[in-house]
Every structure is written in C-alpha cells, then in structure tokens.
Amino acid sequence: VRKLIDVIPHEVRAPEQGTGPNVFYLGAEEASLDPLQVGGGDGFIYSEVPAAQKEKLAPLTEEAEARAMHDIDHPAPWGWKVSSYFLTKGIAAGAMMLAGVFAIAQVLAGVLALAGIAATGLFLVADLKQPRRFYYLFTRPQWRSWLALGAQVINVASLVAFAFTVCAVLGWDGARDVLGWVMVPAGALLAAYTAFLFNQCEGRDLWQSRLLLPHTIVNAVVAGAGAMGIATLFGAEGAGTLRWALVASCAVSLVLIAIDTWGPHPTGQAKRAALNLWRDRFGTQFFAGVAGLAAGVILPLVGAGTGLLAAGGLLALIGLWLFEDAWVRAGQSVPLS
Amino acid sequence: MATGVRPDLPADQLAVAGEKQAGLRRHPPAEQWDSWTENDPAAWPRKVPREYMLVPTVCFNCEAACGLLAYVDRETLEIRKLEGNPHHPGSRGRNCAKGPATINQITDPERILYPMRRKGARGGGEWERVSWDHVLDTFAERMHEAFKAGTPNDVCYFVGRPGEDGFADRFLETWGADGHNSHTNVCSSGGRAGYGFWCGTDRPSPDYANAKFVLLCSAHLESGHYFNPHAQRLVEAKLGGTKIAVMDPRLSNTASRADYWLPTWPGTEGALLLAIARVLLEEDLFNRDFVRRWVNWRTYLRHRAPGAEPTFENFVLELKREYARYTPEYAERETGVPAGTIVEVAREIAAAAPAFASHIWRAAAAGNLHGWQITRSLWLINVLTGSVGTEGGVSPNAWNKFIPAPWNKPSPHNQWNELSWPREYPLAHNEMSFLYPHFLHDGRGTQPVLFTRVLNPIWTYPDGYSWLRALRDTDAVGLHAALTPTWSETSWWADYVLPMGHGPERHDTHSYETHSGRWLGFRQPVRRVAMERLGQPVEFTYEANPGEVWEEGEFWIEVSWRADPDGSLGIRKYYESPYRPGEKITLEEYYRWMFENSVPGLPEKAEAEGLTPLGYMRRYGAVEVSRGDYAQHEAEVDGLEGTDVRGAEDTVTKRVLDGSHMPLTGRPDTIATMVDGVPRKGFNTPSRKLELYSETLAEWGWERQATPGYARSHVHHSLIDHAVGEYVLLPTYRLPTMIHSRSGNAKYLNELSHAHPLLVCPGDAERIGLETGGLARVETEIGWFVIKALVTEGIRPGVVAASHHMGRWRLKEDKGNERWSSALVDMAEANGGVTFRRVHGVQPFESDDPSSGKIWWSDAGVHQNITFPVHPDPISGMHCWHQKVRVRPAQPGDRYADIHVDFEKARGVYRKWLGLTRPATGALRRPIWLFRPVKPVLDAYALPDDDRTLAFRGEDFEARRSVDPDRLAELVDWSPAEVWGPLG
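Report on the accompanying structure.

Analysis parameters
- Throughout, residues of each chain are indexed from 1 in the direction in which the sequence is written.
- Chain A is the first chain written and ligand 1 is the first ligand written, with later ones labelled in order.
- Confidence filtering applies because this is a predicted model: local features only for residues at pLDDT of at least 70, side-chain atom pairs given and counted only at 80 or more, and all residues used for totals across whole chains, interfaces and linings.
- The basis for the side-chain values is all heavy atoms of the structure; hydrogens and waters are excluded.
- Secondary structure follows DSSP: runs of H or I at least 4 residues long count as helices, runs of E at least 2 residues long count as strands, and numbering of each begins at the N terminus.
- Residue contacts are counted whenever heavy atoms from the two residues lie within 4.5 Å of one another.
- Here the accessible surface of atoms and residues is derived via Shrake-Rupley with a 1.4 Å probe, and residues count as covered only by protein chains that are part of the display.
- Counted as positive: Lys and Arg. Counted as negative: Asp and Glu, with His and the chain ends omitted from the count.
- A charged residue contributes its charge at one atom only: NZ of Lys, CZ of Arg, CG of Asp or CD of Glu.
- Think of it in three bands: with a 1.4 Å probe and only protein chains considered, a residue is buried below 20% of the maximum accessible area for its type, exposed above 50%, and partly exposed in between.
- Here a polar contact is taken to be a pair of N or O atoms separated by no more than 3.5 Å, where protein atoms must pair a possible hydrogen donor with a possible acceptor and residues adjacent in sequence count only if both atoms sit in side chains.
- In this scheme, strands are said to pair when DSSP sees at least two bridges between them.
- Comment: axis = line fitted to C-alpha atoms, over the contacting stretch for helices; angle = value between 0 and 180 degrees taken between N-to-C directions.
- Any Lys or Arg side-chain nitrogen found within 4 Å of a carboxyl oxygen on Asp or Glu counts as a salt bridge.
- When two parts are brought into contact, each loses some accessible area as probed by a 1.4 Å sphere; the total of that loss over both is the buried area.
- Side-chain classes are defined by residue name, with Ala, Val, Leu, Ile, Met, Phe, Trp, Tyr, Cys and Pro counting as nonpolar, Asp, Glu, Lys and Arg as charged, and the others, Gly among them, as polar.
- The span one expects for a helix is its residue count, reduced by one, times 1.5 Å.
- A residue counts toward a patch only above 30% relative accessible area and without a salt bridge, and it is joined to like-charged neighbours within 9 Å or, for Val, Leu, Ile, Met, Phe, Trp and Tyr, to nonpolar neighbours within 5 Å.
- Stacked, tilted and edge-to-face are the three classes assigned to paired rings of Phe, Tyr and Trp, where Trp is represented by its six-membered ring and a pair needs centres within 6.5 Å; plane angles under 30 degrees give stacked, over 60 edge-to-face, the rest tilted.
- Charges are assigned to positions over rings by a cutoff of 6 Å between ring centre and Lys NZ or Arg CZ, combined with an angular limit of 35 degrees from the ring normal.
- For classification, angles of less than 35 degrees are called roughly parallel, those exceeding 145 degrees roughly antiparallel, those between 65 and 115 degrees roughly perpendicular, and all remaining angles oblique.
- Should the near helix be turned anticlockwise from the far one by less than a right angle, the crossing is termed left-handed; should it be turned clockwise, right-handed.

### Points about the overall build of chain A
And then number 1: Tallying secondary structure elements over chain A gives 13 helices and 2 strands in all.
And then number 2: Dimensions along the principal axes, computed over C-alpha positions, put chain A at roughly 75 × 45 × 35 Å.
And then number 3: Considering only residue pairs separated by 6 or more positions, chain A has 71% of its internal contacts joining residues 24 or more positions apart.
And then number 4: Surface exposure of chain A reaches about 15800 Å², of which carbon and sulfur atoms provide 66%.
And then number 5: Of note, chain A has its 22 positive side-chain charges centred 7 Å away from the centre of its 24 negative side-chain charges.

Written out as structure tokens, the structure reads:
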C-alpha cells in the first residue's frame, strides 16, 4: 500500500483531523469523501428522506457539489437531556464555587449543589442508551472515557457538597470553612470535565474550541449565580456579590460565545456548525439564548433590587439553557459521512 | 482450459491458494454443516452458543437462483438466518440484499399460512380456511372433467416467476394440455426474438469475467437478470482492466461505474449499434474468417442482391452498402451520443475482440416497438467481431445451462391454445400473455380452470384494470386458484389462495447461464431436511413449513394423481414411482431418479464422498456439471446417414422429418452445417448458421425486417413535442433491493426502498414547472397517475422515469396485501373507468414482529402500470413498455398516488396495435423451428382453414406487408391533446 500511495495521487477522509488514515482512496470524487459538499434532503431516489438527514442536508444544498440520494437516519444522539444535564450540573458547580470563594449563602449553595447533582444524575442516566446499565459506572470503573471519569468527578463533588452542607447546617464552622476551599476546585472540576467530554468527540469540530474549558466554568458561574440570585427573592444572603458575579459571568460568557461563533474556525465543519448554530438551523434559539444572557448583564445593572437580580438570574438561566441546547445540537448537525 | 482465462472458481477456492480466508469470504466448512455452533447475536453481550444445522437451498427471490445456506436451529428447528452457499458455482457464496432478506419472508406476520377459499363475491375480501384435501379434490374434479371431455386447454397454468426448470413442462405434458402461459412478453420477448432469429437460442450468456470490453444495454451491474452472479464477474473483469460501456438514458449505478455512458434517446439504440457495425465494416475491423464461416451470407446475398455472383467479397460489398446509411453522424442525430464517442467505442470493441461481451435482455429491447431489432443489432457486433462462443465473448445460453431429464417424460401434446398463441402473432416469443384479458373480453374463449402461480398481472402487467375485470368475471374465468407465497392485488380476485413456500420451503432444480460453465442447483425445504436428518419423518412438506404452507411439486403430483383416479385418462402412469411400481411417486423419488440418471458426473462425485446422488445434492445444494463451455458450434458431427446437404448454407438435413418430437428450438430435421467441407453442429437456426438474413421473417411477412435494421420506435423524438408537455416515460428500471411483486413481505428491503419518484432532468422540470417533491400528473393514452417529482441530472433530457416495484395497494385495512409495503386505497368504478385514491400510506401496525410498530416511512409509491395501455410489438409480441406521456403539474383536486383508467380507451389501444400485425395465413400457425415452451407435435402447427383464416387471407395482405417499418410508429402514435384536451 505504501508503495502504491507513494506514486499514485490519493485521497483520505478528513485530512484536517491529522489522524493516521487506514483507508486511502484512489480516484475518488471529492464529494464522496467530504460530506460538506453533499446537499439535498428534499428527496431521495428510492426512499423517503429520514427526518435527521433532511435537516442536516438542507443547509449544505446551496453550495453543494453533489446531492445525497440515499441514506439511513442518523439522528443526533444528544438532545435536551444532555443540554439540561449541562445546566443542572452548571448550577451545582457554580453554587459550589461561589459558596467556596465568597462564603455566601452556604446552606443554600450546598443544597443547590446536591439538588443540581441529583438532577444531573437523573438526566445522565436517562440519556444512556441502556439506562439500566448505569451501575456499570460503579461495578466496572474505567479511566479512558470522560463519560466514566466524569461520573467519578460527580461522585467526588457530591461527597464534598454533602459534607459541606452537613457542616454548614450543623454549624461546624471550622470544618465547613476548610471544606469551603475544597468546594472551589471540586466545583470547577465538576463544571470543567464536560469540556473534556465534548472535546473527546473528535469528529465534532465545533466542540474542539480551545475556549471550551474556560467557557464551561464561566457558564457554571452564570448558572450558580442565576440560581442563587433567584433565591435572594426568598431571603437568601449575598445579593450584592451575586449581582456582580452574574453580571460579570454573563458578560464574559457573551464575549466567549461571540469569539467562538463568529471568530475564525480551523475547519470547514466547525464553520458550518457555527453557521447552523446562529443562522441556518438554530438561529432563533441561539439569539434567544444570547438575549437571556444579556438580560443577566443588564437587569442587575438597572438597579440593585433582588427583584431585578432574580429576574436577571432567571432569564440568564433560560438563556444559558437555550444557548447550550442549540450549541449541543449544532455540534451534531453536520453530516460526518 | 486455455492459458490466460480467468478460472471461474467456487468461493472456497477464490482465495489465493494457501491463504486463509477471512472476513466476508469465510464460510463454515461443509464438514461442520451438520453441527455448527456460533453465539446468538440477540443475546449479545452475553455469549450464548447456539447449535445449527446448515442446510443449503436456492434463493427464489429473482431469476438468478443463487445458493443460500440456511441456519436451522437444532433445538427449535427454526430457520435463524440465511447466508451464501460457497459451493454454488453461480453465486460462489455471495448474495445480494434479497437473499438474506428471505428470513423476513419466512417470519412475515402478514403471511398466508393456510389454504383459503373466498366467501361471497369475488374481490369481496371474505375468506375462509379450507383443507388441502378439499382443494385437491375440488380442482382434480374440474380437471378430470376437462381432460375427459378432450378439452385439456380448459386448464391453464399461468406462471409469473417460474423458479424451476422442467417440472411444469412435464406435468402439462402429462395432461396433454397446451396450458402454459407465462410472463415472458412483459419481460424479455424483445431480447429473446432478437437472439432467437439470429442463432435459434433466445438468451445470451456473456462471459464477463474474461471479456476485455463489455457493452451493456442497461444496468446489469446492479439489477440484471442474473444480477449477483453477473455483477461479481463484471467486477472481477473490471479489476483486471476490462472497460465497460453502458447504454442507458438513466445514470444508473452501472452507468456511473462505466468507462462510457451512452445516454441514447430511448428506442434509438439500434442506430448507435449499427453505426458501430458500420465502423467495423468500413475500417475493416471485422473478423472476416468468422463471418465467412458462420454467417448465412449466401442466403443474404441471394435476397439482397439476387443477380450477384455468390462470393464472400460480393457479400461484404453488399453488406457495406446496406449499412452505409448508419454513419456515426447519423447515429448522433438519432441518439444524441456524439459521433466521436461512437467511433471510439467501435474501435475499443474491435481491439478487444473476440473477448467482447455484450448484453441486452429487457431495457431498450423491452421498451420499444422494434425493440427486438435492437437486440439483433447488438448481436451483429458480436458476430462481426467473431465474439461468439469465445472466451470473453457471448455464447448461446443453452451451452451454459443444464436441464436434467426427468423420470418418464411424456410425449408432446397435440393441442394449440389460441388464448396463448393467437394467430396474429405467429412469431411471438412466447405466449401473448398480456393480451389474455383482452382475448377474454373479445370472447375468443373462456378459462374454466385457471392456476396463477406467483403471478400478479393486475399490478405487474400493463392495463391491470382489464385484468381485474376479466378475473372478476365468473363467465370468463371459472375457477381460479392463486398459488402464491404472499398476498397480491391479483390473489384478491381469486377463488382460492393457496400458500406456497419461499426459497427454503420447497424443492426445485435450477440452472442458469451465469458464466461459461454449467451447474445444477437444488432448492430444498430446509426445515424438512433438518427434521428428516434428525429422524423425524415428513410425508408432505406443509408438515414442516409454517402453518400449512406447501410446495407446488407435491401439489401437482397430488392433484394430477387425483384428476385421473382410475388411470383411464393415461395421466396417472406418469406419477408412478420408478422405485415402487404402481405406487404414487414422491417428490423425493422424482429428484432421486433425476440425480441418479440425468446429471453427468454427479453419481461419481457423490460416490467419491460416500454419498448417494440425492444425498450429495441435499448436502451441497448444487453441482457443477462443466466449465469453460466455449465454441460448441464448431463441434464436428458424425452419423450422417439418412441425411442430405441442402440449401444455400449446406445444411445437413435428415431425409425424414419426425414431427412427433420437436426440439424446443430448431428444426427436427437439421443436424449440422457444412463449414469448409466439415459437418459442424452450428446453431439452432434452420440453416444452422448465424442468420444475418432471416428467411423466416421474410416468409412471414416482414421482408424489410429480415436483417438487423433500425426503424423509429413508438417513442421516437420525432413524435414527442415538449412544447405541449410530451415526454417519454421509462417505467421499467429496477432496484437491486426489490423483487417484482414479491418483496412487499420483506421488511429489510422495504425499509431500504419504498419510494419511486419521477426522475426529471432540470431543464424539463423548469419547462413543466416541477420541483423536487412536487406533484406531477402523468397522462397516458388510457389514464393518468399522480406522482412526486425528483429533479436530477441523472436522467436524459426529454425522458422521465419512475422505477418499477412501488405502488402496491390493498382494499381493506387489515388484509389483502402486505402492510409493510402497500397503501390502503379506495377503488371507485364509474362510467367504464376506475379511480384509485389513497386513503393512507404505509403505517406502523401491531403484530408479533416488534418491527412492524417501528415503521418510519409512509410512502408506498404509485401504481403506474395500471395506467399503461397494451403495446404488443407485432413481431416479437413484446409489450413495449416505454410510452409517450404528457407530464404536467398536478391539477386541482389531484392527490398523491391518484390513478385513473378508462376501460374503453384501453380496448381501443389494444385494437390499434392489433392492427399492426401480419397474421398467419399459410399452412402453419408458427414457424416450427422457433422456440416455444411445452412444444406440441408438428400436427398441432397446422393452421385450420376456418373462417378467421379465410378472413385474413381475404384481406389485402400485400398492403399490410408493404408498410414501411418506420411508419408503424406513426400508426400507433397518439395525441394527449386530443385524448385529454389541450394543455392549459
């Protein structure tokens, strides 16, 4: 094979990935190797167009060199459960970090963290293709996949949060303060591992951004500050801190979104996915999400009342979910073959 | 075998010697077939071993008859899956999608499991279960009446997919009936007649694997007649550097893999082929010696240049003169293919000769008026290049097909059935099956007993509404049994629906021309075989099949035995056992005798393995009889006593013509032709030469068509005016995942393919006003249908196309057809016409199979064939499938899959095309040498001097004969504006 490909022009799939190809194509049409050059979706030659293919192919049609004539359904494996898991985990992680750094509303933060982690667990298990096998995470632990590693991160975070909450409720301040400093890295890790998880999906170029790691942490702060900000309506303390935390995190998140969406993209697939995100497929949802985050910046700046903080927090949470859901779907919206 | 020939090896020898087989080429070794263990995939990831008995059989899902290997669970006796049989010489262990999908058909929850009798009126849809005994007695009684009354043709066996060789011929002969009718002329008459007039054998056998250049007239790589066996050999050749040219108005997968795509205007293919012939002649690239030795050029010269001295050089001059008009430029004007390409292909062919393979079977030959001349023109290229019977060339199929003689074959019958062989079509290749309902409507006869076997004419044939009306009429059709593995649009109108087995549920023998070699495949009911191996005796196959699904072989033995209860009709004796005198033969004994006595080499092969011949076939499912069967026409013939050398072609002819046993093809009295002074076997034509000039065609009224020629088809571009919405509809192309009308029960196949949009090229779509997904109304001469459009550059401008297969329907929600594939429709008859409207498409449904609840598609397509009028070619009898249509956007009120047909219009078109014929008016009904199934004795060929004959003779026959072939297209042309009103 080496001798052959030394002398004959050949192609490989996805050369931009830089992976060692196992298959070399001789004389292949470019469009048969590059799915971005294939459009259609309004009709196949001898079957109906499966729903997911219709959606994936349509945005490519205008610039396509070829049109798809047959395919099976490739529905996106990740949808609202993953987006919701993203948010609930963000709330938990954000609450842990805020409680640790600023020592505010500690019981509330602990309870939010535990509730968020519990909800995260439910969404995660529900999203498994075989939910009844979730106990494999405990009976067959392994360290290669961030899905499995993440589960252990969640376990650690939940232990820390549980201990912290117990100390806070029982008034064991010394232990609580020590645990408060553990809460920060535990919360950060809880937020950040998702960046590694998405990063591991190497075929999904939108998720390969170098800003993804800081962005997940910032978004966790948005989620934590938003949730705790709502709680101030009911007497939770720390409104002043939360107000600035919400404004700052939403602002940074918006800047990161702007860079990631409209900045340069290293691959065609990432560029196409970004177009799908803000224009061709999920534009309405994307801008609604951006508006929610913007409200998280603007409303707390309008005035110092808890009502404005809570409203800003709620809209930021909604906006964050809308954005993250669009981002999760957009990442999977480009055909890989 | 000569050096350089690529050996046609079975799968287990395909791997390089010594190399371990891997991946898809790996098959369980035969010595482990009795007990083969592998893990149950459904139990994954647990490793649950299952023990199987692997029993070979033969696929029944298309004509190719590939080998299958059934995995029968030794514990439950369930068939778990079907894979390829590596010992099958044709398919060599490989299959297409349709083979393994047999498992769906076996486990289909919609399956007919028991014999059913209708309650209430025909087509009312009420059925009751009856016993096989009742069915046998009912039909045996009616058959007995017919045979005893001396009207055996009252019983008709009307067959769609035969799926076997010889069994039906034998039982029809035991009845003394001319009772065979078959689907041939909606399929291959245009191929058969073309090959038949040339060489007496009506099918080609291209040696693809050894060809250096291949010219395909259609999509043989993906959907040919022997798709899987041929495709694998074409691919082998291509890997070895063979170039392929494909003539097809559609960019098929085959065309897209070809070196040359020649998108001819439909029906003009002959012009391109004759232009190639002209290049070969003009550039002196033809094989002079082969043509001199094997073509009937003396006869040609005698007719085309009567005064000329009979020399080969004069012949060449005359031939060049005849084909001079077919310049590449002329062909370009006719076909649209550039002249330069035509010349290039011609030179490639010449360079490859004699390893030049070509193939046409249906496609253009089946689509067009004069389509059989396209076949003749293609074969002319093989003849000119000497690529006949050569390595890499094309042989007559009879050299590569083996039909073993059965036990106690009866003498030929002495009947002539005018419902099958009407005198208007004396040259037809084969029965005029698609005119059958019109003959019944004409009052030409009635059919007291009708067996339709795997036949669905209401849906498959053109003009299905004429069929529906005929089959519904109890005066025209007395007692109708549909022998079928699955419900169909036609079985709905039968009196009895008799469930028959799929490939792994029945016995048959099969042999096809898949390559240069001969083999015999043995289909067997694998569960029965497994039960018997495990010591569980089975008397009738329905005891081993699901429900009471039976097999025809046993059915015909039983019903024939009962039809002659005391042996007085002389039928019963043919059903007595060769091993137990006086007792009824079993199907196993029938095949046992055949394998012991009629298959050369099989007893020896079996003995070498310590098996009986039947045991060998049960074990391996196939046997190779020979390979490398080239140049058989050159065989020298001895035993010339009692013969003379006669005629212009020095044909060695017996002095006495024995009319009591007519060969299926060829005259009974010619045995050889003298070639350079040596008597050689030659071909099955009257002269035993390759008949460039067919005296038969001339004598039967078609002198101008006696040589390969080109005349306008009924869809010639001169007759199509796009400005008023006229296009050519190409409705025949097939998908590699579908069987004509028997894949509706295979869920895997229907999930893969369930739509057939109308392909329209972008320019035409713009002119018509169509977009992909938009609805088009397609108007034919007798009706219209409404279909979705798909705009694509994969179809030639001016042509629209929708694949065959789709458009299945049923009239009741929960019965009558497969819910995997059919739409529920409402059928309304009014004013002599019928309208179908879709109530709903395919939907998920509840059944024992959880898949049925997960159906995600709804499209079932549109039943287009029912809107097609009959178009019988006056010579070959082929239904010419292509047609002029008017295409326009759907009209107000139109809905997807609407169909309308007008019965009187259908009758009118039938009569119009009947007017093109040149009926038999001489002493014979048909040339005695032409192929015909279940051939009678010579006496039956005598044309009676009855009123009809006298009427034909009284007509101005010369006026009919003198019509220019090119004019025929105008005589049957039609104007959509006149029939359906102007476009607007």
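### Notes on the side chain of Thr917 of chain B
All names here are of chain B.
And then number 1: On the secondary structure map, Thr917 appears in the loop between α28 (903–914) and α29 (947–954).
And then number 2: Residue classification places Thr917 among the buried residues on the basis of a relative accessible area of 1%.
And then number 3: Here the side chain of Thr917 touches Leu914 through a polar contact of 2.7 Å, landing on its backbone oxygen.
And then number 4: Residues contacting Thr917, with those up to four places away along its chain left out, are Glu424, Tyr425, Pro874 and Arg960.

### Examining the sheet that holds strand β22 (residues 651–654) of chain B
The pairing of strands in a sheet comes from backbone hydrogen bonds and takes either a parallel or an antiparallel form.
Residues and elements named next belong to chain B.
And then number 1: If you walk across this open sheet you meet the 4 strands as β21-β22-β23-β24, and the pairing is antiparallel. Here the strands that pair on one side only, and so sit at the sheet edges, are β21 (643–646) and β24 (678–680). Neighbouring strand axes in the sheet, compared pairwise and without regard to direction, differ in orientation by 35° on average.
And then number 2: Of the pairings in the sheet, the one linking strand β23 (residues 670–675) to β24 comprises 3 bridges and is antiparallel in character. Directly across from Thr673, in β24, lies its bridge partner Arg680.

### With respect to the sheet that holds strand β2 (residues 49–58) of chain B
All names here are of chain B.
And then number 1: Taken in spatial order, the 4 strands of this open sheet run β1-β2-β3-β4, and their pairing is antiparallel. Edge positions in the open sheet fall to β1 (36–39) and β4 (79–84), since each of these has one partner strand only. This sheet shows a mean twist of 40° between the axes of neighbouring strands, independent of strand direction.
And then number 2: As judged from the 5 bridges shared by strand β3 (residues 67–73) and β4, these two strands associate in the antiparallel manner. For Tyr71, the partnering residue across the bridge sits in β4 and is Lys81.
And then number 3: Lying over the sheet, helix α20 (residues 526–533) contacts β2, β3 and β4, oriented at roughly 120° with respect to β2.

### Some thoughts on the pattern of salt bridges
Residue and element names in this part refer to chain B.
And then number 1: Tallied over the full model, the rule gives 91 salt bridges over all chains.
And then number 2: Where Glu548 meets Arg129, a salt bridge forms, and the shortest distance between an N and an O atom there is 3.5 Å. Taken together, the residues span a long stretch of sequence, with Glu548 in the loop between α20 and α21 (552–563) and Arg129 in strand β6 (residues 126–129) at a distance of 419 residues.
And then number 3: In this structure, the salt-bridge partner of Asp442 is Arg907, at a minimum N-O distance of 2.6 Å. Residue Asp442 is located in helix α17 (residues 436–442), and its partner Arg907 is located in helix α28; the two are separated by 465 residues in the primary sequence.
And then number 4: Given the relative accessible area of 33%, Asp442 is considered partly exposed.
And then number 5: A relative accessible area of 8% places Arg907 in the buried class.
And then number 6: Residues joined by salt bridges that share partners form a network here, namely Glu418, Arg423, Glu424, Asp442, Arg444, Arg907, Arg925, Asp946 and Arg948.

### What to know about the interface of chain A and chain B
And then number 1: Counting residues at the interface gives 12 residues for chain A, matched by 18 residues for chain B.
And then number 2: Roughly 1100 Å² of surface becomes buried between chain A and chain B when both sides are summed, with 59% attributable to carbon and sulfur atoms.
And then number 3: When residues of chain A are sorted by the area they lose upon contact with chain B, Ile45, Tyr46 and Glu48 of chain A head the list and together hold 54% of the total.
And then number 4: Along the contact surface separating chain A from chain B lie 0 salt bridges.
And then number 5: For the interface between chain A and chain B, the tally reads 6 residue pairs in polar contact (both at pLDDT 80 or more).
And then number 6: Partitioned by chemical class, the residues of the side of chain A that touches chain B number 5 nonpolar, 3 polar and 4 charged.

### Quick look at helix α11 (residues 297–304) of chain B
And then number 1: Those residues of α11 of chain B that sit buried are Trp297, Thr299, Tyr300 and Leu301 of chain B.
And then number 2: In the core, the buried residues of α11 of chain B are packed alongside α10 (288–294), α12 (312–323) and α25 (695–699) of chain B.

### Topic: helix α16 (residues 371–384) of chain B
Residue and element names in this part refer to chain B.
And then number 1: When the terminal C-alpha atoms of α16 are compared, their 20 Å separation across 14 residues agrees well with the 20 Å that a helix rising 1.5 Å per residue should span.
And then number 2: Counted residue by residue, α16 has 14 buried out of 14 residues, so it is predominantly covered.
And then number 3: Downstream of α16 by one or two residues, Gly386 has phi in the positive range, about 70°.

### Details of a nonpolar patch on the surface
All names here are of chain A.
And then number 1: A surface patch of nonpolar side chains, about 480 Å² in accessible area, is lined by Val107, Val111, Val169, Leu170 and Trp172.
And then number 2: Among the secondary structure elements, those contributing two or more residues to the nonpolar patch are α5 (106–127) and α7 (146–170).
And then number 3: Relative to the elements of secondary structure, Leu170 occurs in helix α7.
And then number 4: Note on Leu170: relative accessible area 49%, which makes it partly exposed.

### Brief notes about the side chain of Ser249 of chain A
Residues and elements named next belong to chain A.
And then number 1: Checked against the element boundaries, Ser249 lands in helix α10 (residues 239–262).
And then number 2: Relative accessible area serves as the criterion here: at 6%, Ser249 is assigned to the buried category.
And then number 3: Residues within four places of Ser249 in sequence aside, it is in contact with Val218, Val221 and Val222.

### A short note on the packing of aromatic side chains
All names here are of chain B.
And then number 1: What the rule picks out here adds up to 71 aromatic pairs over all chains.
And then number 2: Between Phe522 and Phe595, the ring centres sit 4.9 Å apart and the planes meet at 85°, which makes this aromatic pair edge-to-face. Taken together, the positions of Phe522 in strand β19 (residues 517–523) and Phe595 in helix α22 (residues 587–597) put the pair 73 residues apart, joining distant regions of the chain.
And then number 3: Seen from the ring of Tyr620, Arg619 lies directly overhead, with NZ or CZ sitting 5.9 Å from the centre.
And then number 4: The cationic tip of Arg918 hangs over the ring face of Trp702; the distance from NZ or CZ to the ring centre is 3.5 Å.

### Focus on unusual backbone geometry
Peptide bonds are, in most cases, trans, and in most cases residues other than glycine have a negative phi.
Residue and element names in this part refer to chain B.
And then number 1: With an omega of 5°, the peptide bond between Trp44 and Pro45 qualifies as cis.
And then number 2: Following the sequence through the fold, Pro45 ends up in the loop between β1 and β2.
And then number 3: In the segment running from Ala353 into Pro354, the intervening peptide bond is cis, with an omega of 5°.
And then number 4: For Pro354, the position within the fold is in the loop between α14 (339–352) and β13 (356–359).
And then number 5: Unusually for a residue other than glycine, Asp463 sits at a positive phi of about 60°.

### Some remarks on the pairing of strand β16 (residues 477–484) of chain B
Residue and element names in this part refer to chain B.
And then number 1: Burial runs high along β16: 7 of the 8 residues are buried.
And then number 2: Where strand β15 (residues 447–453) meets β16, 6 bridges bridge the pair, whose relative direction is parallel. Bridging across to β16, Val449 finds its partner in Leu479.
And then number 3: One ladder, built from 4 bridges, connects β16 with strand β17 (residues 496–499); its direction is parallel. Bridged to Thr484 within β17 is Pro499.

### Here we look at the packing of helix α4 (residues 80–102) of chain A against helix α13 (residues 306–331) of chain A
All names here are of chain A.
And then number 1: Where α4 contacts α13, the two axes come as close as 9 Å, and the packing angle between them is 135°. By the angle between their directions, the pair α4 and α13 is classed as oblique. Between α4 and α13 lies a crossing of right-handed hand. Residues Trp80, Val82, Ser83, Ser84, Phe86, Leu87 and Ile91 of α4 form the contact with α13, whose own contacting residues are Leu317, Leu320, Trp321, Glu324, Asp325, Trp327, Val328 and Arg329.
And then number 2: Considered class by class, the residues forming the contact of α4 with α13 number 10 nonpolar, 2 polar and 3 charged.

Without other data, these values stay purely geometric and don't point to any function.
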